[in-house]
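Notes for the structure review
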Amino acid sequence: MTKQRKLLIGCVADDFTGATDVAGIFAKSGMKTTVLIDIPEGGLSIDADAIVIALKTRTIASHQAVSQSLAALRWLRDRGAERIYFKYCSTFDSTANGNIGPVIDAMLEELASGFTIACPAFPANGRTIYKGNLFVGDVPLNESGMKDHPLTPMTDSNLVRVLTSQTKHRVAACYRDTVIRGAADVRDWASKAEADGIGVAIVDAIADEDLEVIAQAFADAPLLTGASGLAFGLATVLFKDRRNLESRPGYSNTVGSRAVVSGSCSVATNSQVEAMLRDHEGFKVDVASLASGEDVVSKALKWAAGRLGRKPILFYATANPEEVKANQSRFGVAEAGEMVESTLARIARSLVDLGVSELIVAGGETSGAVVKHLGINRLDIGNEIAPGVPWVSAPLSSGQIWLALKSGNFGGREFFVDAWDRIQ
Ligand code: ADP
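These numbers were taken from a predicted model, which means no experiment stands behind them. (Residues numbered from 1 in each chain as written. Predicted model: local features only at pLDDT ≥ 70, side-chain atom pairs only at ≥ 80, totals over all residues. Heavy atoms only, no water.)

Quick look at the side chain of N125
- The topology assignment puts N125 in the loop between β5 (116–119) and β6 (127–130).
- Residue N125 is classed as buried on the basis of its relative accessible area, which comes to 16%.
- Of the polar contacts made by the side chain of N125, one reaches the backbone oxygen of P387; its length is 3.1 Å.
- Non-local contacts of N125, meaning those with residues more than four positions away in its chain, are made with P387, G388 and F410. (Helix = DSSP H or I, 4+ residues; strand = E, 2+ residues; numbered from the N terminus. Buried < 20%, exposed > 50% of the residue type's maximum accessible area, 1.4 Å probe, protein only. Polar contact = N/O pair within 3.5 Å; in protein donor to acceptor, adjacent residues only side chain to side chain. Contact = heavy atoms within 4.5 Å.)

See the structure below:
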């Protein structure tokens, strides 16, 4: 009998696109990686180097985010996870109440640790941190499209300030001047900071090399937190000489239909929707119709009949910031979001029943709603489409389904059109 490998990393992700993003990074580094949807019941035994538990905790009440995150952490620790990675968005998406800070506080307490780092940098996707400030491409976070996010508008690029308002710990920034001096200097900085009563450090990183230094410095820490950039650094450090490239799930699907379901309103997704609509058909989910009680799901499915096939069709609630704001002031922020998410999830479910077996979902919250509604509990990682977005596959009673769960801001303009070429 072959011995089960050590679980090097147990990862708790606060949304589903983030979970497949970080799992794609681990898999690319050669780690055998599994994504579990929610906390599995019972004693599931999984042979993996990294297990990512996908939660949908980014915008829920803080106490619920904390209790679900702790349950995931405990499940992973019970399976021998040597270190815990708390994965959130590279744009530090959070509400005024958290949930990044409260989850970090609870995880530190559970692990009896007084210090961790928060480093959402992801240079491959243009997220860099300098002097504690997060940049998206060429602009500070608060000048990027994230200022208009429907649920987690980010209005301050200074992560020390943002996190200070969410955590009971003192927060400080470890500047790049220290990071470029190497892992030993970063460790020294951290020891002094901890001795001075700092509980969480925002660490500067503007390039992949910085993330590797940071990962080296904290490779033995019980808890690290960040986006998939730091996870890449960690995987590189932990898995350097151990490349055991596992076979990817086999693709043998040439008949199923293809669709895109988009509930993201990010700048990137707006342009991807526009690009797809140039030569593909699309059905717009209108929030006012949903609010008036119209049966939009039936209407969408009626529209889809006769259009489903290998040429993908699009279902979208994606809208520009003015339209989103108008919906939110008319119907409420949470109410509008929830109506859209549940509608897109029901459309997706029906599409799968109608033979769609390759599905792109745009939006973190939207992906969470869709995957849960499909009743999927485990995802295997396939090819990367764009930085941060792999194809993933899951068994369904109707056969295997392929999904691409795209975080709002990820992917180039032609993502919805070109992604299909990367499935095998
Ligand atoms: P992203 O990955 O871009 O953050 P999410 O799916 O996480 O995307 O979040 C987008 C939120 O906006 C969802 O809750 C979604 O239901 C909501 N939403 C989508 N379209 C609209 C719209 N037209 N009006 C108001 N809210 C919308």
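Regarding the nonpolar core
- Membership of the largest hydrophobic core comes to 131 residues, with the highest contact counts inside it found for I9, F26, F218, F315, I376 and L403.
- Ranked by the residues each element gives to this core, the list is headed by helix α13 (residues 333–353), at eight residues.
- There are two domains that each give this core at least three residues, and those are domain 1 (9–238) and domain 2 (257–422).
- Listed in part, the 21 residues of the second largest apolar core include L314, W402, F415 and A419. (Core = buried A, V, L, I, M, F, W, Y, C linked by side-chain atoms within 4.5 Å. Domains from an automatic or database assignment.)

What to know about the site of the ligand
- Lining the immediate surroundings of the ligand are 21 residues, of which H149, S264, E341, E365 and T366 lie closest.
- S264 is positioned such that a nitrogen or oxygen atom in its side chain is 2.8 Å from an oxygen atom of the ligand.
- In this structure, an oxygen atom belonging to the ligand sits 2.7 Å away from a main-chain N or O atom of E365.
- The protein chains hide 97% of the 570 Å² of surface that the ligand would expose on its own.
- Of all elements in the fold, only α12 (321–331), α13 and α14 (364–374) reach the threshold of two or more residues within the shell around the ligand. (Near = heavy atom within 4 Å. Areas by Shrake-Rupley, 256 points an atom, 1.4 Å probe, with all protein chains shown as cover.)

With respect to the domain arrangement of the chain
- Assigned domains within the chain: domain 1 (9–238) and domain 2 (257–422).
- Averaged C-alpha coordinates put domain 1 and domain 2 at centres separated by 27 Å.
- If you look at the interface, domain 1 gives 29 residues, while domain 2 gives 31 residues.
- Between domain 1 and domain 2, roughly 2500 Å² of surface is buried when both sides are summed, and carbon and sulfur atoms account for 61% of that area.
- Where domain 1 meets domain 2, there are five salt bridges.
- One salt bridge connects D38 with K372, and the closest N-O pair in it is separated by 3.5 Å. (Buried area = accessible area lost by both parts, 1.4 Å probe. Salt bridge = Lys/Arg side-chain N within 4 Å of Asp/Glu carboxyl O.)

Examining the sheet that holds β6
- Taking strand neighbours across the sheet as the criterion, the three strands line up as β6-β7-β8 in an open arrangement whose pairing is antiparallel. Sheet topology places β6 and β8 (139–140) at the edges, where each strand pairs with a single neighbour.
- Looking at chain direction, strand β7 (residues 133–136) and β8 are connected through two bridges and run antiparallel. Looking across to β8, one finds that V136 is bridged to V139. (Pairing = 2+ DSSP bridges.)

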